[in-house]
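Overview (structure and organization)
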Amino acid sequence: MDSIKQPSDGKYIGDWKKGEAIAQSGRGATWTDKADTVVGGGCYNCHQIDPKEISYGNIGPSLTGYGKLRGYSQEVVTYTWNRINNSKAYNACSNRPRFAHFKLLNEQQIQDVMALLLDPASPVNK
Ligand code: HEC
């Protein structure tokens, strides 16, 4: 838990539209990708997120209505940030990719997927 870096600019919430593109993209970090290929989050591989997207996996829980259901408190925001950065801080047997720990997503990308889940204007929370 102590190794997780909080956002350097203090901002947890970026742009949900960019977050949706990152959540959709599973590109990057495979042997056919060039080293500078921008890596996606592949979040839909395991989660339902925007209810308009009907193609999603279910290894992880549905994240539809994420902020609306849990609220937008700093506790929820920090928990979600930490979960995305390094899920093993909460669950040693977590199946989730440790996005920041393995440098899969950068800080800006994590701020954008945070917005997809926690911006009240995101389709996830409509
Ligand atoms: C390989 C499958 C997989 C991928 C890819 C994945 N997750 Fe998860 N996620 C899980 C699982 C499984 C859990 C349940 C908790 C656990 O096992 O640690 C989870 C839990 C979560 C939680 C906590 C939910 C709660 O109610 O506490 C959040 C938030 C989350 N994921 C967001 C994301 C985001 C954002 C992405 C993309 C950047 C993503 N996940 C990619 C499998 C995945």
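Figured I'd write up the structure that's included with this text. (Residues numbered from 1 in each chain as written. Predicted model: local features only at pLDDT ≥ 70, side-chain atom pairs only at ≥ 80, totals over all residues. Heavy atoms only, no water.)

A few points about the overall build of the protein
- Helix and strand counts for the protein stand at four helices and zero strands.
- N-terminal to C-terminal, the α/β element order of the protein is α-α-α-α.
- In terms of overall dimensions, the protein is globule-like: its C-alpha atoms have a radius of gyration of 14 Å, near the 14 Å expected for 126 residues.
- Dimensions along the principal axes, computed over C-alpha positions, put the protein at roughly 40 × 35 × 30 Å.
- For the protein, buried positions account for 42% of its 126 residues. (Helix = DSSP H or I, 4+ residues; strand = E, 2+ residues; numbered from the N terminus. Rg over C-alpha atoms; globule rule 2.2 N^0.38 Å. Buried < 20%, exposed > 50% of the residue type's maximum accessible area, 1.4 Å probe, protein only.)

Digging into the site of the ligand
- Around the ligand there are 24 residues in total, and Cys43, Cys46, His47, Tyr79 and Arg96 lie nearest to it.
- One nitrogen or oxygen atom from the side chain of Tyr79 is found 2.4 Å from an oxygen atom belonging to the ligand.
- Arg83 is positioned with one of its side-chain polar atoms (N or O) 2.7 Å from an oxygen atom of the ligand.
- Its atoms largely coinciding with the cavity grid, the ligand occupies the largest pocket.
- Every element with two or more residues in the shell around the ligand is listed here: helix 2 (66-70) and helix 3 (74-85). (Near = heavy atom within 4 Å. Polar contact = N/O pair within 3.5 Å; in protein donor to acceptor, adjacent residues only side chain to side chain. 1 Å grid on protein atoms, 1.4 Å probe; cavity = no way out; pocket = protein on both sides within 12 Å on 5 of 7 lines; lining within 4 Å. Sits in = over half its atoms within 2 Å of the grid points.)

Description of unusual backbone geometry
- Positive phi values are uncommon outside glycine, yet Ala29 reaches one of about 65°.
- Tracing the backbone shows Ala29 in the loop between helix 1 (16-24) and helix 2.
- Of note in this structure, Lys103 is not a glycine but carries a positive phi near 55°.
- For Lys103, a relative accessible area of 74% translates into the label exposed.

Overview of the coordination of the iron atom of the ligand
- Coordination of the iron atom of the ligand by the protein is provided by His47 (NE2) and Arg96 (NE), with metal-donor distances spanning 2.0 to 2.3 Å.
- Around the iron atom of the ligand sit six donor atoms; with metal-centred angles ranging over 75 to 179°, the donor geometry is octahedral. In this pair, His47 is assigned in the loop between helix 1 and helix 2 and Arg96 in the loop between helix 3 and helix 4 (107-118), connecting sequence segments 49 residues apart.
- Judged by relative accessible area, which is 9%, His47 ranks as buried.
- For Arg96, a relative accessible area of 23% translates into the label partly exposed. (Donors = N, O, S within 2.8 Å, 3.2 Å for Na, K, Ca; no water. Tetrahedral: all angles 85-135°; square planar, octahedral: opposite > 155°, others 65-115°.)

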